[in-house]
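Inside the fold
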There are 2 protein chains.
Amino acid sequence: MTPAGVTRPVIAVDWGTSSFRAYALGPAGEVRERRETPRGILRVEKGGFPQALSEEIGDWLAARPASLVVMSGMIGSRQGWQEVPYCACPCDLAGLAAGFVRLDWPEAEVWIAPGLSDETETGLPDVMRGEEVQIFGALADLPGGNALVCLPGTHSKWVTVSEGTIVHFATYMTGEVYDLLQAHSILGRLMTDEAVASDDWFGEGVVRGASDGALLHMLFSVRSRVLSGNMPEAGARAYLSGMLIGHEIAAALRAAKDRPDEVALLGAPALARLYEEALGRLGCAQRRIGSDVAASGLFQLAQRLPDGTTMRHEG
Amino acid sequence: MTPAGVTRPVIAVDWGTSSFRAYALGPAGEVRERRETPRGILRVEKGGFPQALSEEIGDWLAARPASLVVMSGMIGSRQGWQEVPYCACPCDLAGLAAGFVRLDWPEAEVWIAPGLSDETETGLPDVMRGEEVQIFGALADLPGGNALVCLPGTHSKWVTVSEGTIVHFATYMTGEVYDLLQAHSILGRLMTDEAVASDDWFGEGVVRGASDGALLHMLFSVRSRVLSGNMPEAGARAYLSGMLIGHEIAAALRAAKDRPDEVALLGAPALARLYEEALGRLGCAQRRIGSDVAASGLFQLAQRLPDGTTMRHEG
């Protein structure tokens, strides 16, 4: 709890695999300006991150040279600017702030957030980078700081938050498996661009996916139902999507101990809408939370960083 | 039971998605000559099947012009030479033979086997083309004609046979999902060509995959274990393979009613060896059955086709 971050302008950067999002924040953390580009870390060559950051926010830094830059997401991974070790669950705001690493960058004081690691109920390790900051950014939307939060995506995260502390989380590869199957598998070959009655087939997929653990078998029904005339080709894509999402939700709800009465949904509107529908089909209450949560989380974390003036600038 | 097929030479053709296998058979069904090419149906253009067959077995037909050609596999699918409707389970040799369709081909009398369809325990339809013929070809290896047969592959089949009749089957997309994940997913990116201690990691994957229904979550552990130093990169491929195979086997054994004391394994040696090891890990007895089973099954089915001399040759 130092005054350093409070008195200096903060630039929050959510730098993920496939996108770069930056926010110029005001003294209360309000978003004054925002920009988003598809320059995710996969689009930047090894060693090119300092230059890329300079190009993306150089004008903001020129206008406010004393700005503090705080970043989260895959920029702190092995494939990013610098690998920042994971913090372990349980972890609160102060704990995560303590794991930030300061970068050697002449243009401004820059910090990268650590990721978060956990041992799942199966005894396997799990990891995330970026979602934990979004969760902290959404705390104001979680009464008492308690929630089961679902962040749908390429790698969906289900995060248990208790009194403002992230106590547990688990990853589901739902989005990536869906993308692969529809782009490259035999299931994708029979999918059309039409989507007749897709809502109905989505719901049917949700119920099927939630009902049975044998996912590798159920997946084939996308094909066999079309071949046997049991489902129109135009329903195949929605049915597959529903099946994977239903499988994820059912497994996540089974795994949750002391599940709250509702699931808090945090994510892009289009995808959140699908999860909303799926949760509804499975009889689970839900509500959407958060906006600009990465910026809000990074702003709060910036308040907890050590005073920048006491840092050695190495190199 | 007509004498037609018995007295004429039989050429058996197993024409699948990615390979073409032909067998010139002797009077007792023994394989006199065999050939295999990668000319699966995906490599043949629409309308090109008559020409392709002529090129592949034309010399055999020239040597024995009265040969009867019987084919099974995806050649009878919508993407093949001609779509042959599925027979429904339960189905025995005679039932399958009754579903054969004769083709219009001037060079010889040619028949294509139907596929088989079933309603699974979840009420969903399932289908296969080719495996049913292999099962009938392996009947001599099944005491009393009873078995739970596993045919590992791109789309693994688990087939319940009772007194020589196929009563039920289910498909698992294990091989295809494995191929997709290791070729295209974020999991594949960290896989090396080395395979240090791969047997151990395969076994660990089997146990994990069999233990938990949340496959979409478990898959991510391939990545998280490597990232957290819990597994060497060189173990990732075997671990993923074991996880998917373990998931398949556990689900198939759960679904089997009145499961026999052992699983009969029918398939290519390299893949069968993996399933052998996985079944062993899960405490399930198994034995390998069959060789040249497609040829043997097609020969037996040929005996049950209507007398060729009574067929009208249309066109």
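Bear in mind that the values here come from a model prediction, so they are computed numbers and not experimental data. (Residues numbered from 1 in each chain as written. Chains lettered and ligands numbered in written order. Predicted model: local features only at pLDDT ≥ 70, side-chain atom pairs only at ≥ 80, totals over all residues. Heavy atoms only, no water.)

Attention now moves to the overall build of chain A. Helix and strand content of chain A: 12 helices and 14 strands. At 21 Å, chain A has a C-alpha radius of gyration in line with the 20 Å of a compact globule built from 315 residues. Based on the C-alpha atoms only, the size of chain A along its principal axes is roughly 70 × 40 × 35 Å. Among the 315 residues that make up chain A, the fraction classed as buried is 58%. The contacts in chain A between residues at least 6 apart in sequence include a share of 66% that link residues at least 24 apart. Carbon and sulfur atoms make up 50% of the accessible area of chain A, which totals about 12,400 Å². Distance between charge centres in chain A, computed from 27 positive and 39 negative side chains, equals 2 Å. (Helix = DSSP H or I, 4+ residues; strand = E, 2+ residues; numbered from the N terminus. Rg over C-alpha atoms; globule rule 2.2 N^0.38 Å. Buried < 20%, exposed > 50% of the residue type's maximum accessible area, 1.4 Å probe, protein only. Contact = heavy atoms within 4.5 Å. Areas by Shrake-Rupley, 256 points an atom, 1.4 Å probe, with all protein chains shown as cover. Lys, Arg positive; Asp, Glu negative; His and termini not counted. Charge placed at Lys NZ, Arg CZ, Asp CG, Glu CD.)

Before going further, it helps to examine helix α12 (residues 293-303) of chain A. Within α12 of chain A, nine of the 11 residues are buried, which leaves it mostly tucked inside the rest of the structure. Here α12 of chain A has its buried residues at V293, A294, A295, G297, L298, F299, L301, A302 and Q303 of chain A.

Residues and elements named next belong to chain A. Each neighbour pair has its own omega, and for C89 with P90 the value is -5°, a cis peptide bond. Phi at E163 is positive, roughly 50°, even though this residue is not glycine. By the element assignment, E163 lies in the loop between β11 (156-162) and β12 (165-172).

Residue and element names in this part refer to chain A. Spatial strand order, β5-β8-β9: three strands in an open sheet with mixed pairing. Strands at the two margins of the open sheet, each flanked by one partner only, are β5 (87-88) and β9 (125-128). Direction of pairing for β5 relative to strand β8 (residues 116-119): parallel, over a ladder of two bridges. Paired with C87 across the bridge in β8 is L116. (Pairing = 2+ DSSP bridges.)

So, about the relation of the copies chain A and chain B. The transformation that overlays chain A on chain B combines an axial shift of 0.0 Å with a rotation of 180°, and the residual RMSD is 0.1 Å. Taken together, the rotation and translation relating the two chain copies correspond to the operation of a two-fold axis. The rotation axis passes nearest to the C-alpha of G213 of chain A in chain A, at a distance of 2.4 Å. A shared interface surface links the copies, since 100% of the contact residues of chain A are contact residues in chain B too. (Least-squares fit on C-alpha atoms with pLDDT ≥ 70 in both.)

It is worth spelling out helix α2 (residues 49-63) of chain B at this point. Residues and elements named next belong to chain B. Here α2 spans 21 Å end to end across 15 residues, near enough to the 21 Å set by a 1.5 Å rise per residue. Of all the bends in α2, the largest measures some 65° and sits at I57. Of the positions making up α2, those classed as buried are F49, A52, L53, E56, I57, W60 and L61. Residues of α2 that are buried in the fold lie against β1 (10-15), β2 (20-25), β3 (31-37), β4 (68-72) and β7 (109-112). (Expected span 1.5 Å × (residues − 1). Bend = angle between axes of the 7 residues up to and from the residue.)

Right, let's talk about the interface of chain A and chain B for a bit. Taken together, the 51 residues of chain A in the interface contact 51 residues of chain B. Here chain A packs against chain B, burying approximately 4,200 Å² in sum over the two surfaces, 68% of which is carbon and sulfur. On the chain A side of the interface with chain B, the three residues burying the most area are L216, H217 and F220 of chain A, jointly 18% of the side's total. For the interface between chain A and chain B, the tally reads zero salt bridges. Inspection of the chain A/chain B interface yields nine residue pairs in polar contact (both at pLDDT 80 or more). For the side of chain A that touches chain B, a count of residues per class yields 24 nonpolar, 15 polar and 12 charged. (Buried area = accessible area lost by both parts, 1.4 Å probe. Salt bridge = Lys/Arg side-chain N within 4 Å of Asp/Glu carboxyl O. Polar contact = N/O pair within 3.5 Å; in protein donor to acceptor, adjacent residues only side chain to side chain. Nonpolar A, V, L, I, M, F, W, Y, C, P; charged D, E, K, R; others polar.)

All names here are of chain A. Judged by pairing direction, the sheet is mixed, and its five strands sit side by side in the order β12-β11-β10-β13-β14 without closing on themselves. At either end of the open sheet lies a strand with only one pairing partner, and these are β12 and β14 (285-288). Direction aside, the axes of adjacent strands within the sheet are offset by 25° on average. Sheet analysis places strand β13 (residues 262-265) next to β14, joined by four bridges and oriented parallel. Looking at the pairing, L265 lines up with R288 of β14. Running over the sheet, helix α10 (residues 236-255) touches β10 (147-151), β11, β12 and β13 and is turned about 25° from β11. (Axes fitted to C-alpha atoms, helices over the stretch in contact; angles between N-to-C directions.)

Turning our eyes to something else, we now look at the domain arrangement of chain A. According to the domain assignment, chain A consists of domain 1 (4-138 + 292-310) and domain 2 (172-288). For domain 1 of chain A and domain 2 of chain A, the distance between their C-alpha centroids amounts to 32 Å. (Domains from an automatic or database assignment.)

Residues and elements named next belong to chain A. With respect to the helices and strands, the residue I166 is situated in strand β12. Classification of I166 by relative accessible area gives buried; the value is 0%. With 130 residues separating them in the primary sequence, I166 and S296 have C-alpha atoms 17 Å apart. Once residues lying within four places of it in the same chain are set aside, the contact partners of I166 are C89, P90, C91, L116, E132, I135, F136, V159 and T160.

Here we take up the packing of α10 of chain A against helix α11 (residues 269-281) of chain A. Residue and element names in this part refer to chain A. Where α10 meets α11, the axes come as close as 10 Å, and the angle between the chain directions of the two elements is 65°. When the interaxial angle is binned, α10 and α11 end up roughly perpendicular. Handedness of the α10/α11 crossing: right-handed. Contacts between α10 and α11 involve S241, I245, E248 and I249 from the former and L274, Y275, A278 and L279 from the latter. (Parallel < 35°, antiparallel > 145°, perpendicular 65-115°, else oblique. Left-handed = near helix turned anticlockwise from the far one by under 90°.)

All chains considered together, the criterion is met by eight aromatic pairs over all chains. Ring geometry for W15 of chain B and F20 of chain B: centres 4.8 Å apart, planes at 90°, overall edge-to-face. A single burial state applies to W15 of chain B and to F20 of chain B, both of which are buried. Arranged with centres 6.2 Å apart and planes meeting at 90°, the rings of W201 of chain B and Y239 of chain B form a pair that is edge-to-face. A residue pair is termed long-range when its members are at least 10 positions apart, and W201 of chain B in helix α7 (residues 198-211) and Y239 of chain B in helix α9 (residues 236-255) qualify at 38 residues. Overall, W201 of chain B belongs to the buried group, its relative accessible area being 16%. Given a relative accessible area of 0%, Y239 of chain B falls into the buried group. Through successive ring pairs, a cluster of aromatic residues spans W15, F20 and F49 of chain A. (Phe/Tyr/Trp six-rings, centres within 6.5 Å; stacked < 30°, edge-to-face > 60°.)

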